[in-house]
Amino acid sequence: MMMAMDTTIDPAAELAKAQSHLDHLIHLHQKADDDQADGADDASHENDAAAANEDVATSLYKRAIEAQDEIQFIKLQRDVINLVNDTVKNSQRDGAVNEGGADVALSTATDQCTSLGLVLIRHANHHSHNIKSRQLYAKLTSWYANLQIDARQMACNLFRAHLQKEAPEYPSSQQSSTVIAEAFSSSSAKQQQQQQQSWSVVAKCLVELQIIYDAVQLVQSQTTDDDKHSIPQWRFDIVDELCRPIAERLRYHFLGEQSGLFTASASSPGGVESDKVSTMDRLPEWLFRYLREIMDNHGAHSVVMIEGVQPLIDAVVDSLLVRTQFLSEDNDDIDSPDSGFSTQDVLMQLKQMYYGHSSIYFLREVSRMARHALRANSFLNHPDMVGSECRDHSIALRGIEQLFLFDDLLKKKIESDRGDDLFGIDPMLYPVRMTDTFLTPREDLLLWWMGDERDMAIARLTLSSCPFPTNIANQQLCPPITDLFAALLYSSRSKANAFSDLRSQQMYVANVVAPLCSEYLELMHGEATLLRQRLLARDTTKSYSGSDEMLTANVLEWVSMITGVHVAAYAVLRSQITQNAESDQIRPEHHNPLDGVIKSIFAFGDAMVDEFVSAFVEQIMMERAKLAGYTMRAPFLISEHPHEHHERRGQRERDVKYTLTLSPDLNDSIHVLSVTLKACQIAAAKVNSMDSRTAEMMYFGSQSIENSLSHAVGCKFLDIGLDPMGMCPEIYLDGAKQFCHDVCAFKRLFQHTTSSEGPMERAVAASRLMSLDESPLTALRDALCALISSDTGSEALFISDFAADSRLLEEAESMLDAKGFGSLALEEAVSIMNRRC
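Residues numbered from 1 in each chain as written. Predicted model: local features only at pLDDT ≥ 70, side-chain atom pairs only at ≥ 80, totals over all residues. Heavy atoms only, no water.

**As for the packing of helix α17 (residues 502-535) against helix α18 (residues 548-574)**
Consideration 1: Close contact between α17 and α18 brings their axes to 10 Å; oriented N to C, the two are set at 165°. In this view, α17 runs roughly antiparallel relative to α18, as classed from their interaxial angle. Once α17 is placed against α18, the crossing between them reads as left-handed. Contact residues: α17 offers C517, Y520, M524, E527, A528, L531, R532, R534 and L535, while α18 offers L551, N554, E557, W558, M561, G564, V565, A568 and V572. (Axes fitted to C-alpha atoms, helices over the stretch in contact; angles between N-to-C directions. Helix = DSSP H or I, 4+ residues; strand = E, 2+ residues; numbered from the N terminus. Parallel < 35°, antiparallel > 145°, perpendicular 65-115°, else oblique. Left-handed = near helix turned anticlockwise from the far one by under 90°. Contact = heavy atoms within 4.5 Å.)

Printed below as a string of structure tokens:
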């Protein structure tokens, strides 16, 4: 009768039909409620009919559900019967266990466990509504658990026997690691000896048992909310077995235990003798060096895990995917959309999350071994290392340094293995951090260590601060103290990011990095003070300042120091805390303690530029090189009528229309300015010879000084041209041409500035407009007058006439721009034209 049900009832069709009928009845019921106003009697009859039909539909729906549950129970029975039949056939075919039969028995047990596990996966969510299905599924789960325990124990025992026989020296030699990798490699299966082939079969069985067991646990945890069915702690049995010899050697060498492969008379080739660990000062160094040799020199990580174990796991997962694909083709109802879990999806999920990362799991187990060895020896709790009885605090400091080095080693191995592709990896796979285990939980020890880190870093920085060389040939683009500061920042950043706890990271930044930055600023401020004193030092042989060589050397030192502060600011910017893949996400409310430090360093660099330019322009150029006298005399020369005091001005006034030379009182100013700008170009030429990837930042010192000097000197000339103080009420052509010649002479010195419309460019435009010949000046004036419909013969233009109409103002500004005076405001241009005589 059950088989007849299986052929006559389509549960999906029955469910769809019942649901459709039920929806129709609900619609009729709602329509009856809407039509109550038409008559209470008719509505009551319709409601009664709808209720009766709803009961019929509900009954049909329940029957369809029961039929589907019954069919799922029959399918489960069918799969169990097929499983039992296959098991009986395999047992009859294999016969009794003979020589080499242990491997055959393991293969048979593994195949039986895999088949039963696949049945449990396919029916994981089809037994909750039917008591018979629940009972049968529970019995199958218990059966599978017993089979899996026996098969796993058999696989582990056989694997250990093969490991001891084929690679007895593992992990103490590179050759033993190569033997293991070749035994697991499917590409060399034809060349393998019989013993290695047998070992490969055992290894595959061990991996397959683990994968199917984890897949069953995963799907069962997703079908129930009970905590006892939560996902277990993932394990790699094959990696655990390969870690067992390493753990035994660590117990022997560093804990003095004699078990397993090691007895009282056992010796360790190439290892660390156990009597050497009686002193605590070298324990972390010896332990981590020993583990590093095992992973790198002996190939336990690169050869065994990456070249041997991981390809084996991938091959087993691929074979299981092919097997489940064949099963789905033979049974069209398996892994269908309404049949529950897809076995292939479960296997792919496990591979992405876990089984594709055996090397990371191995590193985690190595870190756990190291943690156990240090804890067993009371590391950082021993009286010889910390406490009032400690004779040498450097012992603890060296030990803590070793913790950071080991954490960094494991981190680099993960990055070299996976790169940036860490998405989807279970966080439980990441190695244990030694710093989080031994340093972070003890805040008193953490603060003491941070204080020592701060003091040592500041001491190193202070020792490197010495007067900069004054020889031009020995000038550097960046001072040595900045190079050391950047190196200390890189080391500090690595240590801060070694903590997975955000609070510890911020504590390190606040207690070490921030004080280091403050000390760097103090040292650079002192150097800037010395440079300013040397810049302003007088030379009795020169009227303006020291010799050209001394000025060049001093400018190069300023360029180097300003560039160094700029580089240091970006070094601090890049040394901020980064998010670790295995740590919690940094929340927005956490304030970065380096934000204020970064702003201070950038502001200090700008202040150094301003200090140099101020001292150079105001004291050297203005006072000593006589630029101040020129700025006082120029307005009077510009506004002086050409026919006044003709006799006093002499021949030069008569020849001014033919030849123009630089005003005599500007010779010293333009000389010292040219020497300074040439020094900036020397620094820029050195940067040009550098690698283009690093050269851009090194231009900052020379470019910032050139731009600032152009701004400061341009302001001096612009004040003369615009005459904000009213010292030049009239402008005559001869004086204006001389002024234009002087301004253009200074402008030619600033060929390499990046400013396009700064004060110097505006001063040049103002001087050109002042010295414009009568004909083009009259044409420009007439054009502006025409815009406002003013009489061209009027004496003056008024800016208010243009400001009243935005269109006229825009047209006037466009006209100035077309004539080459666009850098001047319209009001400034009108003022110059009104004063022109």
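**Concerning the pattern of salt bridges**
Consideration 1: Overall, the coordinates contain 24 salt bridges when judged by the stated rule.
Consideration 2: Ionic pairing is found between D111 and R323, a salt bridge with its closest N-O pair at 3.2 Å. Pair noted here: D111 is in helix α4 (residues 101-122) and R323 is in helix α10 (residues 300-330), with a separation of 212 residues, a long-range link.
Consideration 3: With a closest N to O distance of 3.7 Å, K737 and D773 form a salt bridge. (Salt bridge = Lys/Arg side-chain N within 4 Å of Asp/Glu carboxyl O.)

**Notes on the packing of aromatic side chains**
Consideration 1: Within the structure shown, the criterion is met by 17 aromatic pairs.
Consideration 2: Aromatic side chains W558 and F612 sit 5.3 Å apart centroid to centroid with 45° between the ring planes, which places their arrangement in the tilted category. Remark: F612 occurs in helix α19 (residues 595-624) and W558 occurs in helix α18; sequence separation between them is 54 residues. Each member of the pair, W558 as well as F612, carries the same accessibility label: buried.
Consideration 3: These aromatic residues form a ring-pair network of at least three members: F404, W449, F499 and Y508. (Phe/Tyr/Trp six-rings, centres within 6.5 Å; stacked < 30°, edge-to-face > 60°. Buried < 20%, exposed > 50% of the residue type's maximum accessible area, 1.4 Å probe, protein only.)

**Considerations on the state of the cysteines**
Consideration 1: Tallied over the entire structure, the rule returns 0 disulfides.
Consideration 2: The thiol of C740 is unpaired, and the distance to the nearest cysteine sulfur, on C744, comes to 4.0 Å.
Consideration 3: Taking the relative accessible area as the measure of exposure, C740 reaches 12% and is therefore buried. (Disulfide = S-S within 2.5 Å.)

**Overview of the environment of D734**
Consideration 1: As for its placement among the helices and strands, D734 is situated in helix α25 (residues 733-747).
Consideration 2: With relative accessibility at 28%, the residue D734 sits in the partly exposed group.
Consideration 3: Counting along the chain gives 93 residues from D734 to H641, while the straight-line C-alpha distance between them is 8.8 Å.

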